[in-house]
Amino acid sequence: MASQFSTQVRGSVVLAAGGTGGHLFPAQALGEELVRRGYLIHLITDARAQDYGGKFPAIAVHQISSSTLTLSKPWRLPLQAFKLLKGYRQSKAILSDLRNKGLVAVVGFGGYPSFPPLVAASRLGVPTCIHEQNAVMGRANRAIAGKVNAIASSFPDIANLPANMKDRVTFCGNPVRDVVLQQAGIAYEPAAAERVFRLLVFGGSQGARFFSKFMPE
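Computed from a predicted model, the values in this text were never measured in an experiment.

K.L.:
Is there a simple way to explain the pairing of strand S1 (residues 11-16) in this structure?
P.N.:
Remark: a regular strand shows side chains that alternate across the two faces of the sheet. Burial runs high along S1: six of the six residues are buried. Burial along S1 is two-sided: Gly 11, Val 13 and Leu 15 and Ser 12, Val 14 and Ala 16, pointing in opposite directions, are all buried. With six bridges joining them, S1 and strand S2 (residues 39-45) adopt parallel strand pairing. Within S2, the position partnered with Ala 16 by the bridge is Ile 44. Assessed by its sense of winding, the connection that carries the chain from S1 through helix H1 (residues 21-36) to S2 is right-handed.

K.L.:
What is the right way to look at the layout of surface pockets in this model?
P.N.:
In this approach, a probe sized like a water molecule rolls over the atoms, and the result shows the empty space that is left. For the second largest pocket, the calculated volume is near 470 Å³. If you go around the second largest pocket, you meet 13 residues; those closest to its centre are Tyr 188, Glu 189, Pro 190, Val 196 and Arg 198. Residues belonging to the lining of the second largest pocket are distributed by class as follows: nine nonpolar, one polar and three charged.

K.L.:
Is there a simple way to explain the confidence of the model for the chain in this structure?
P.N.:
Low pLDDT marks regions whose predicted coordinates should not be analysed in detail. Per-residue pLDDT for the chain has a mean of 88; in total, 93% of the residues score no lower than 70. Counting interchain partners and residues more than four positions distant, the pLDDT-below-50 stretch residues 1-6 has 13 contacts.

K.L.:
Please clarify how helix H3 (residues 115-124) should be interpreted in this entry.
P.N.:
Helical periodicity: at 3.6 residues per turn, an α-helix aligns residues three or four positions apart in one direction. The buried count for H3 comes to seven of 10 residues, which makes it a mostly enclosed element. Considered for burial, the residues of H3 that qualify are Pro 116, Pro 117, Leu 118, Val 119, Ala 120, Ala 121 and Leu 124. The elements touched by buried residues of H3 are S1, S2, helix H2 (77-99), strand S4 (103-108), strand S5 (128-132) and helix H4 (139-144).

K.L.:
How do you make sense of the sheet that holds S1 when you look at a structure like this?
P.N.:
To summarise the sheet geometry, strands pair through backbone hydrogen bonds and adopt either a parallel or an antiparallel arrangement. Reading across the sheet, the seven strands line up as S3-S2-S1-S4-S5-S6-S7 and stay open at both edges, with parallel pairing between neighbours. What marks the edges here is a single partner per strand, and that holds for strand S3 (60-63) and strand S7 (169-171). For this sheet the average axis-to-axis angle between neighbouring strands, irrespective of direction, equals 25°. Examined bridge by bridge, S1 and S4 share five bridges and lie parallel to one another. Across the sheet, residue Ala 16 finds its bridge partner in S4, namely Gly 108. Against the sheet, H1 contacts S1, S2 and S4, and its axis sits at roughly 165° relative to S2.

K.L.:
How do you make sense of the environment of Thr 45 when you look at a structure like this?
P.N.:
Structurally, the position occupied by Thr 45 is in strand S2. Accessibility expressed as a relative area gives 0% for Thr 45, which makes it buried. For the pair Thr 45 and Gln 63, spaced 18 residues apart in sequence, the C-alpha separation works out to 5.2 Å. Beyond its immediate chain neighbours, meaning those up to four positions away, Thr 45 contacts Ala 17, Gly 18, Gly 19, Leu 24, Val 61, His 62, Gln 63, Ile 64 and Pro 113.

K.L.:
Explain the packing of aromatic side chains here, please?
P.N.:
Here a ring pair, both rings aromatic, is described through the centre-centre distance and the interplanar angle of the planes. Under the defined criterion, the tally for this structure stands at two aromatic pairs. Summarising the aromatic geometry, the rings of Phe 210 and Phe 211 are spaced 5.7 Å apart at their centres and angled 65° between planes, so their arrangement reads as edge-to-face. On the numbers, 5.1 Å between centres and 10° between planes, the contact of Phe 210 with Phe 214 is stacked. Of this pair, Phe 210 and Phe 214 both sit in helix H6 (residues 208-214), four residues apart, which is roughly one turn of the helix. On the accessibility criterion, Phe 210 (49% relative accessible area) is partly exposed. Overall, Phe 214 belongs to the partly exposed group, its relative accessible area being 48%.

Parameters at a glance
Residues numbered from 1 in each chain as written. Predicted model: local features only at pLDDT ≥ 70, side-chain atom pairs only at ≥ 80, totals over all residues. Heavy atoms only, no water. Buried < 20%, exposed > 50% of the residue type's maximum accessible area, 1.4 Å probe, protein only. Helix = DSSP H or I, 4+ residues; strand = E, 2+ residues; numbered from the N terminus. Pairing = 2+ DSSP bridges. Right-handed = clockwise from strand over helix to strand, strands pointing away. 1 Å grid on protein atoms, 1.4 Å probe; cavity = no way out; pocket = protein on both sides within 12 Å on 5 of 7 lines; lining within 4 Å. Points joined across faces, edges and corners; volume = space filled by probe spheres on them. Nonpolar A, V, L, I, M, F, W, Y, C, P; charged D, E, K, R; others polar. pLDDT = per-residue confidence, 0-100. Contact = heavy atoms within 4.5 Å. Axes fitted to C-alpha atoms, helices over the stretch in contact; angles between N-to-C directions. Phe/Tyr/Trp six-rings, centres within 6.5 Å; stacked < 30°, edge-to-face > 60°.

Right, dumping it as structure tokens:
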């Protein structure tokens, strides 16, 4: 898919993201721009990405083992830790192979599937960056923040970010996919009594449940 934008390959970039739209969509937006600049994109994620990653501009999608850590249910932790360890080993093998083929960086977008690749990249000496979409840093990003080279944020200030990491943060906003930007030129039609009223709601992450309950009412 990358060749439709650029014929000059400048290297490979791995994007790592949890398999939901909130993580994958900004990763896709960055991927689209990097492809235009001549980079080959690899995506590391989990099986859920099948519902969202159909148009992802990657030459390969690598599914790895992953799991959340539910500290409130400690009996689940051994299996969850095993899945993360398996994902780390899978990620290390993928990145080790790509490092020999011009791997430039690994960029994580949150969600637990992004954690193993970022740990592996850090240990392999590959430059790393994370992007935080929320005003409150997610658990996976918070766990890896101390090991990455740079942190990008959608908001000027991020809650839960350790004070000693603030010098690594660059406020860049939330990357937006081409398919969304293409709608910017469409003229706005004011609401009128004889027209259908359309309302587009953006929201997710920990706020998804609120939107699901409040908006229909």
